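Chain by chain, the residues:
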Amino acid sequence: MDRNDVDWAGYFPAVVTPFTESGALDTDTLHALIEQYAERGMHGVVVNGTCGEWFSQSVDERKAVAETAVAAAAGRMRVLIGCTSNTAENVQGLASHALGAGADGVLASPPPYIKLFPNEVVAWYEDISERVGGPLVVYNWPHGTGIDIDSDLADRLADIDAVVAIKDSTPNAEQFFETSRRVRDRVRVFGPYMSARGVEVLRNEGGDGFVGGGSLNGRPDPEFWENYWEGDFAPMEEYARRADRLFPKLWLPGGWAGLYGSYQAQLKALMHMLGQPAGHVRRPRLPVTDEADLATMRAVLVEEGLLQPETSRA
């Protein structure tokens, strides 16, 4: 398999997993969130990734999340299921279930904590490739794995049979764009193209899509890519200017945490302000509760036109 065996492109929200305030899995709210994404024209969703708090779920819960997402999407957009785990056998079990439930593909990072060497990363994905039996996304998540898949390593991974895409969350922009140039002939590349620098790369070199933390902008997120496919760069440049302003107001450099809480907790707080189904975080994550912090976050959304002033305290 390679990039030509899938049609994945555009904006894919990284979906949060909603929990109740007491910590129970809330599949009703997850279904409502996926429904909202479909209505807003998202091109796909990534479920049980970092935003999805897969690390605090049981295997049965991860399977329930996958089944709920596929059912809610109902064929209206692509569904990719995160299957990261610490052994290839565990990844295989989760991936077999996800593909059997109707997912379009699966996503896995190198195993957390272990800090594999480059040859071990290649062997990891070769092992997974033999086991999965479907399209596989390499997830470069340096913050969680302790390693950064650089351009040379990505070049090697792009030749593995089941690998059809890479979701690259490196904090190193220069490295990302080099990786994009090196591997896009073989795999689809999802990464930070939705920036001023990214728009220039798209204009001159091309790119496939972006997996964002949820979709704070709503419909403008997929519209960015639809404008790209139509060759209409002016609205893309305006979107990128706002994105480049918004990010440092809410997130720490590298994007691994919010200024006011964990990535998942802050994202869910922002989603609630925007009227999006989000639920609660589950321990060990804690919610953002400081009223001053929440007020600052609301003010940022108002300042950037994502929230109307009269509803900013709803």
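Residues numbered from 1 in each chain as written. Predicted model: local features only at pLDDT ≥ 70, side-chain atom pairs only at ≥ 80, totals over all residues. Heavy atoms only, no water.

**So, the packing of aromatic side chains**
Given two aromatic rings, their pairing is described by the distance between the two centres and the angle made by the two planes.
Stage number 1. Taken as a whole and assessed by the stated rule, the structure comprises 13 aromatic pairs.
Stage number 2. A ring pair is formed by Phe224 and Trp225, whose centres lie 5.4 Å apart and whose planes are at 70°; its orientation type is edge-to-face. The exposure classification of Phe224 matches that of Trp225, with both residues buried.
Stage number 3. Members of the aromatic cluster, each reached through a chain of ring pairs, are Phe176, Phe177, Tyr193, Phe224, Trp225, Tyr228, Phe233 and Tyr239.
Stage number 4. Directly above the aromatic system of Phe233 lies the positively charged group of Arg203, at a separation of 4.3 Å from the ring centroid. (Phe/Tyr/Trp six-rings, centres within 6.5 Å; stacked < 30°, edge-to-face > 60°. Buried < 20%, exposed > 50% of the residue type's maximum accessible area, 1.4 Å probe, protein only. Lys NZ or Arg CZ within 6 Å of the ring centre and 35° of its normal.)

**A word on the pairing of strand β1 (residues 10-14)**
Stage number 1. Among the five residues that make up β1, five are buried, leaving the element largely enclosed by the rest of the structure.
Stage number 2. Pairing analysis gives five bridges linking β1 to strand β8 (residues 209-213), with the strands arranged parallel. Pairing of Pro13 across the sheet is with Gly212, part of β8. (Helix = DSSP H or I, 4+ residues; strand = E, 2+ residues; numbered from the N terminus. Pairing = 2+ DSSP bridges.)

**Focus on unusual backbone geometry**
Stage number 1. With an omega dihedral of 20°, the bond running from Arg283 to Pro284 counts as a cis peptide bond.
Stage number 2. Position of Pro284 relative to the elements: it lies in the loop between α11 (263-273) and α12 (291-303).
Stage number 3. Positioned with a positive phi, Glu53 is a non-glycine residue whose angle comes to about 50°.
Stage number 4. Within the fold, Glu53 resides in the loop between β2 (44-47) and α2 (59-73).
Stage number 5. Although it is not a glycine, Ala74 sits at a positive phi angle of roughly 50°.
Stage number 6. Locating Ala74 in the fold gives a position in the loop between α2 and β3 (78-82).
Stage number 7. Judged by its relative accessible area of 54%, Ala74 falls in the exposed class.

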